[in-house]
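Next come the chains, spelled out residue by residue.
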Amino acid sequence: MRKEDFMRQAIQLAVDNVAIGGGPFGAVIVRGDEVIATGVNRVTANHDPTAHAEVSAIRAACQRLQTFDLTGCDIYTSCEPCPMCLGAIYWAHLDRVYYGCHKGDAASAGFDDSFIYDELALDLPHRHKHIEELLPEEAQRSFDAWRAKEDKIEY
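Heads up: these notes are all about the structure in this document. (Residues numbered from 1 in each chain as written. Predicted model: local features only at pLDDT ≥ 70, side-chain atom pairs only at ≥ 80, totals over all residues. Heavy atoms only, no water.)

### Things to note about a nonpolar patch on the surface
Right, so step 1: There is a patch of nonpolar side chains on the surface, built from Phe68, Trp91, Trp146, Ile153 and Tyr155 and spanning about 680 Å² of accessible area.
Right, so step 2: Topologically, Trp91 is positioned in helix α4 (residues 83–92).
Right, so step 3: Its relative accessible area of 63% is what places Trp91 among the exposed residues. (Patch = residues over 30% accessible without salt bridge, like charges linked within 9 Å, V, L, I, M, F, W, Y side chains within 5 Å. Areas by Shrake-Rupley, 256 points an atom, 1.4 Å probe, with all protein chains shown as cover. Salt bridge = Lys/Arg side-chain N within 4 Å of Asp/Glu carboxyl O. Helix = DSSP H or I, 4+ residues; strand = E, 2+ residues; numbered from the N terminus. Buried < 20%, exposed > 50% of the residue type's maximum accessible area, 1.4 Å probe, protein only.)

Structure follows, in structure tokens:
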């Protein structure tokens, strides 16, 4: 299959998802010429703000391949990934990202995530959400335990 075919599949997933009450987003994860997993936006259907198409596809691909590392795979998504999905794409080590619509197109349809990008550029005291460090010395215990663990699986 060609890249365009995988993108058309992601777009069709998005269109079909709208018809069943989901958001207008679809994603396809591919390794070589094989579709590993797909995902659609089910935020409202699942009452889950993290149920974006890309995150759903990543979760499905990891389950299918029994790994947390999707190196060697690409993702095709009907729209440029939001900050959360982009973070998940990096954590999953996907090789390439192909997207259809631009984030500006999503904003014009009511899915504007520019406020998150704006917030990330601000120092903590200037953000709109209250963010406060609490018990940092005690919290270090978890990192101490991780450093001391000899049989850990690094990621």
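### Re unusual backbone geometry
Right, so step 1: Of note, the phi angle at Gln66 is positive, near 55 degrees, even though the residue is not glycine.
Right, so step 2: Among the structural elements, Gln66 can be located in the loop between α3 (53–65) and β3 (74–79).
Right, so step 3: In this model, Leu135 sits at a positive phi of 55 degrees, which is unusual for a non-glycine residue.

### Points about the packing of α3 against α4
Right, so step 1: At their nearest, the axes of α3 and α4 sit 8 Å apart, and the two run at 25 degrees to each other. Considering the angle they form, α3 stands roughly parallel to α4. Along this stretch, α3 crosses α4, giving a crossing that reads as left-handed. Within the contact between the two elements, α3 uses Glu54, Val55 and Ile58 and α4 uses Met84, Cys85, Ala88, Ile89 and Ala92.
Right, so step 2: Residues belonging to the contact of α3 with α4 are distributed by class as follows: 7 nonpolar, no polar and 1 charged. (Axes fitted to C-alpha atoms, helices over the stretch in contact; angles between N-to-C directions. Parallel < 35°, antiparallel > 145°, perpendicular 65-115°, else oblique. Left-handed = near helix turned anticlockwise from the far one by under 90°. Contact = heavy atoms within 4.5 Å. Nonpolar A, V, L, I, M, F, W, Y, C, P; charged D, E, K, R; others polar.)

### Description of the pattern of salt bridges
Right, so step 1: Going through the model one piece at a time under the given rule, you end up with 6 salt bridges.
Right, so step 2: A salt bridge links Asp5 to Arg8, with the nearest nitrogen and oxygen atoms 3.9 Å apart. Of this pair, Asp5 and Arg8 both sit in helix α1 (residues 3–19), separated by 3 residues, roughly a single helical turn.
Right, so step 3: Note that Arg147 and Asp144 form a salt bridge whose closest N and O atoms lie 3.1 Å from each other.

### Describing the nonpolar core
Right, so step 1: Core analysis: the largest hydrophobic core is formed by 18 residues, its most contacted members being Ile29, Ile58, Ala61, Leu70, Ile75 and Leu94.
Right, so step 2: Of the residues forming this core, the biggest block, 5 residues, is contributed by α3.
Right, so step 3: Excluding residues within four positions of it along the chain, Ala61 makes contact with Ile29, Ile36, Ala37 and Leu70.
Right, so step 4: One finds Met7, Ala10, Val28 and Val30 within the second-largest nonpolar core, a separate group that totals 6 residues. (Core = buried A, V, L, I, M, F, W, Y, C linked by side-chain atoms within 4.5 Å.)

### A word on the pairing of β3
Right, so step 1: Summarising burial for β3: 6 of the 6 residues are buried, a large majority.
Right, so step 2: Relative to β3, strand β1 (residues 26–31) runs antiparallel, the two being bridged by 4 bridges. Along β3, the bridge assignment pairs Val30 with Asp74.
Right, so step 3: Pairing between β3 and strand β4 (residues 96–101): 5 bridges, direction parallel. Following the sheet pairing, Asp74 is matched in β4 by Arg96.
Right, so step 4: In this fold, β3 hands off to α4, which returns the chain to β4; that crossover is right-handed. (Pairing = 2+ DSSP bridges. Right-handed = clockwise from strand over helix to strand, strands pointing away.)

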